[in-house]
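Okay, here's what each chain looks like letter by letter:
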2 protein chains.
Amino acid sequence: MHEIELTGDVLAAQERLAAEVRAKLAQYGIRAFNVMGAIGSGKTLLIERIVERLKDRIRFGAIAGDVAGSDDYERFIRLGIPAVNLNTETECHLDAHLVEHALEGLPLEEIEVLFIENVGNLVCPADFPLGVERNIVVISVTEGDDMVRKHPKIFAQTDLVVLNKLDLAELVEVDPQRIVADYKRLNPHGTIILTDAKHGRGIPEVIAALGLER
Amino acid sequence: MHEIELTGDVLAAQERLAAEVRAKLAQYGIRAFNVMGAIGSGKTLLIERIVERLKDRIRFGAIAGDVAGSDDYERFIRLGIPAVNLNTETECHLDAHLVEHALEGLPLEEIEVLFIENVGNLVCPADFPLGVERNIVVISVTEGDDMVRKHPKIFAQTDLVVLNKLDLAELVEVDPQRIVADYKRLNPHGTIILTDAKHGRGIPEVIAALGLER
């Protein structure tokens, strides 16, 4: 729930918890990515596509964050990687405390790269550091061309954006370049990669941007 | 922001504010609808389609709720109805207090039906009563077939759901009937209407469900 502004104290507490997560990940040599994004934008599919391509070479793990349900968790399990289902119930985001608990359910010594899939929305996750190496935001052209303008905070602070479902752009009459321009205006040094995760387009570029090539 | 659970006191305060909004709307004889839903699901377009069909007979007004930006507000103005832009900045939902302020910016004596478009996500808006006649949730097939399972609270408490972008269902390989079944399981007495707002399909059914036929 969301009645109280994050005060300095609360932010500091979140930063401390994030530092604990960061230390734990470092202890096990795990590179972790916080995958944020709109609901249904293709976060899970993006992770699946990356894992499918690299799982012979990299040992992956995943934390599936959702308000309720286990759909994404089951997809990770079917993918053959260790995963934890993390239901937030009423919260619209993960936080470092939840992640720290979730780590206890994973075989950390067997994981090299951990995807933490956040709860699907573009507002709340922006405020909570998770102690990861990098944050990613996934959006889709089907959400319209105004997504960046409507959520400047998360885009201004995230230097890797994936714009997915490119195959549907023409059909929904959305110009991906308008979204790219909005993002570049907010975050001139950020990287935005156009993908069609369903058909595999753009996945190698995301893999390169995450430094997962070997 | 979202650190503190809504306690009984906060909920009671929200209910009191919602009652004030309800009283004000009643004073002016305004029927108000709280349009919630995922980002990019088609909330604004649904309102546009309804207004286009009925504006010769009904005097509409709108409140455009978004974290940032004025895209939706400008669409309502282009539609020729009085509107207020309501940016929540860090909040992921509207609340009755914000709505009460927004009402001050509208010519209430000229409005018969007011659409309040909430911030786009399926988590936070569920917790805040706005004092309206009815809540509506808009989702889209492009978000995947697991939307209802992932957000049981908002669907359990909302008795009118619009499942939009039906024209894209086959392309994104989503079976709308699976979403309908999930919703009916959670909310057996609720109504779910399948629409393709872009091409006008299902709009008369939504108009009927809202009791806007004359």
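Here, the structure is the one placed above.
The present account deals with the structure reproduced in this document. For every chain, the first residue of the written sequence is number 1, and numbering continues from 1 along that sequence. Whichever chain is written first becomes A and whichever ligand is written first becomes 1, with later ones labelled in order. Selection of residues for local features in this predicted model requires a pLDDT of at least 70, selection of side-chain atom pairs for listing and counting requires 80 or more, and totals for whole chains, interfaces and linings are taken over all residues.

### Here's the deal with the overall build of chain A
Inference 1: Counting secondary structure elements, chain A contains 8 helices and 7 strands.
Inference 2: Exposure in this text rests on C-beta crowding, where 20 or more other C-beta atoms within 10 Å of a residue's own make it buried, 12 or fewer make it exposed, and counts in between make it partly exposed. The C-beta atoms are placed from the backbone. In chain A, buried positions account for 50% of the 214 residues.
Inference 3: Any two residues are considered in contact once their C-beta atoms, placed from the backbone, lie within 7 Å. If you take every contact in chain A between residues at least 6 apart in sequence, the share linking residues at least 24 apart comes to 75%. Runs of E in the DSSP output that reach at least two residues are strands. Runs of H or I that reach at least four are helices, and both are numbered from the N terminus.

### As for the sheet that holds strand S7 (residues 191-194) of chain A
Residue and element names in this part refer to chain A.
Inference 1: Note on pairing: DSSP must find at least two bridges between two strands before they are called paired. Strand order in the open sheet made by the 7 strands is S3-S2-S4-S1-S5-S6-S7, with parallel pairing throughout. If you trace the sheet from one side to the other, it starts and ends with strand S3 (83-87) and S7, each paired once. If you compare each strand with its neighbour and ignore which way they point, the axes differ by 20 degrees on average.
Inference 2: Where strand S1 (residues 31-37) meets strand S4 (residues 113-117), 5 bridges bridge the pair, whose relative direction is parallel. Residue pairing in the sheet places Asn34 in a bridge with Ile116 of S4.
Inference 3: Fitted lines through C-alpha atoms give the axes, limited to the stretch in contact for helices. The angle between two N-to-C directions lies from 0 to 180 degrees. With respect to the sheet, helix H2 (residues 43-54) is in contact with S1, strand S2 (60-66), S4, strand S5 (134-140) and strand S6 (160-164), its orientation differing from that of S4 by roughly 165 degrees.

### Overview of helix H4 (residues 96-103) of chain B
Residue and element names in this part refer to chain B.
Inference 1: Of all the residues in H4, the buried ones are Ala96, Leu98, Val99, Ala102 and Leu103. Seen end-on, H4 carries its buried residues on one side only, within an arc spanning 155 degrees.
Inference 2: Where H4 is buried, its residues meet helix H1 (8-27), strand S2 (60-66), strand S3 (83-87) and strand S4 (113-117). The arc in question is formed by the directions pointing from the helix axis toward the C-beta atoms.

### Quick word on the sheet that holds strand S1 (residues 31-37) of chain B
All names here are of chain B.
Inference 1: Here we have 7 strands laid out as an open sheet, ordered S3-S2-S4-S1-S5-S6-S7, and parallel in their pairing. Two strands in the sheet have a free side with no partner beyond their single neighbour: S3 and strand S7 (191-194). Sheet twist, expressed as the average angle between the axes of neighbouring strands with direction ignored, equals 20 degrees.
Inference 2: With 5 bridges connecting them, S2 and S4 associate as parallel partners. Along S4, the bridge assignment pairs Phe60 with Val113.

### Things to note about the packing of H1(B) against H4(B)
The relative placement of two packed helices is expressed as an angle between their axes plus a distance between the axes.
All names here are of chain B.
Inference 1: Axis separation between H1 and H4 bottoms out at 8 Å; the angle between their running directions is 25 degrees. The pairing of H1 with H4 is recorded here as roughly parallel in orientation. The chirality of how H1 crosses H4 is left-handed. Residues Gln14, Leu17, Ala18, Glu20, Val21 and Lys24 of H1 pack against Ala96, His97, Val99, Glu100 and Leu103 of H4. Roughly parallel covers angles under 35 degrees, roughly antiparallel covers those over 145, roughly perpendicular covers 65 to 115, and oblique covers all other angles. Crossing handedness: left-handed means the near helix sits turned counterclockwise from the far one by under a right angle, and right-handed means the same turn made clockwise.

### With respect to the interface of chain A and chain B
Inference 1: Between chain A and chain B, the residue contacts involve 35 residues of the former and 35 residues of the latter.
Inference 2: For the side of chain A that touches chain B, the element with the most residues is helix H5 (residues 147-150) of chain A, which contributes 3 residues.
Inference 3: When residue character is reported, Ala, Val, Leu, Ile, Met, Phe, Trp, Tyr, Cys and Pro are called nonpolar, Asp, Glu, Lys and Arg charged, and the others, Gly included, polar. When grouped by side-chain class, the residues that make up the side of chain A that touches chain B number 17 nonpolar, 8 polar and 10 charged.

### Details of the pairing of S2(A)
Residue and element names in this part refer to chain A.
Inference 1: Judged by how many residues are buried, S2 sits mostly within the fold: 7 of 7 residues are covered.
Inference 2: Alternating positions in S2 separate into two faces, Phe60, Ala62, Ala64 and Asp66 on one and Gly61, Ile63 and Gly65 on the other, with burial throughout.
Inference 3: Bridge count between S2 and S3: 5 bridges; the pairing is parallel. Of the residues in S3, the one forming a bridge with Gly65 is Leu86.

### A short note on the pairing of S6(A)
Residues and elements named next belong to chain A.
Inference 1: Among the 5 residues that make up S6, 4 are buried, leaving the element largely enclosed by the rest of the structure.
Inference 2: Of the strand pairs in this sheet, S5 and S6 are connected by 4 bridges, and their pairing is parallel. By the bridge assignment for S6, Ile139 is matched with Leu163.
Inference 3: With 4 bridges joining them, S6 and S7 adopt parallel strand pairing. Bridging across to S7, Leu163 finds its partner in Leu194.
Inference 4: Note on handedness: a crossover is taken as right-handed if, strands pointing away from the viewer, the path from the first strand over the helix to the second is clockwise. For the segment spanning S6, helix H7 (residues 176-186) and S7, crossover handedness is right-handed.

### Side note on the packing of H2(A) against helix H3 (residues 71-79) of chain A
Residues and elements named next belong to chain A.
Inference 1: Viewed as axis vectors pointing N to C, H2 and H3 meet at an angle of 10 degrees, and their least axial separation amounts to 11 Å. When the interaxial angle is binned, H2 and H3 end up roughly parallel. Residues Thr44, Glu48 and Val51 of H2 form the contact with H3, whose own contacting residues are Asp72, Arg75 and Leu79.
Inference 2: Split into classes, the residues belonging to the contact of H2 with H3 amount to 2 nonpolar, 1 polar and 3 charged.

### A word on the environment of Ala209(B)
All names here are of chain B.
Inference 1: Tracing the backbone through its elements, the reader meets Ala209 in helix H8 (residues 203-209).
Inference 2: Since 18 C-beta atoms lie within 10 Å of it, Ala209 is described here as partly exposed.
Inference 3: In sequence terms Ala209 and Ile192 are 17 residues apart; their C-alpha atoms lie 9.7 Å from each other.
Inference 4: Discounting residues that sit within four places of it in the chain, Ala209 has contacts with Leu160, Thr191 and Ile193.

### Describing the relation of the copies chain A and chain B
Inference 1: The copies were overlaid with a least-squares fit restricted to C-alpha atoms from residues scoring a pLDDT of at least 70 in each copy. It takes a turn of 180 degrees to lay chain A on chain B, together with a shift of 0.0 Å along the axis; the resulting RMSD is 0.0 Å. Read as a symmetry element, the transformation amounts to a two-fold axis.

### Some thoughts on unusual backbone geometry
Inference 1: Positive phi is not limited to glycine here, since Glu89(A) has a value of about 65 degrees.
Inference 2: With respect to the helices, strands and loops of the structure, Glu89(A) is situated in the loop between S3 and helix H4 (96-103).
Inference 3: Of note in the backbone geometry, Lys165(B) takes a positive phi value of approximately 60 degrees without being a glycine.
Inference 4: By the element assignment, Lys165(B) lies in the loop between strand S6 (160-164) and helix H7 (176-186).

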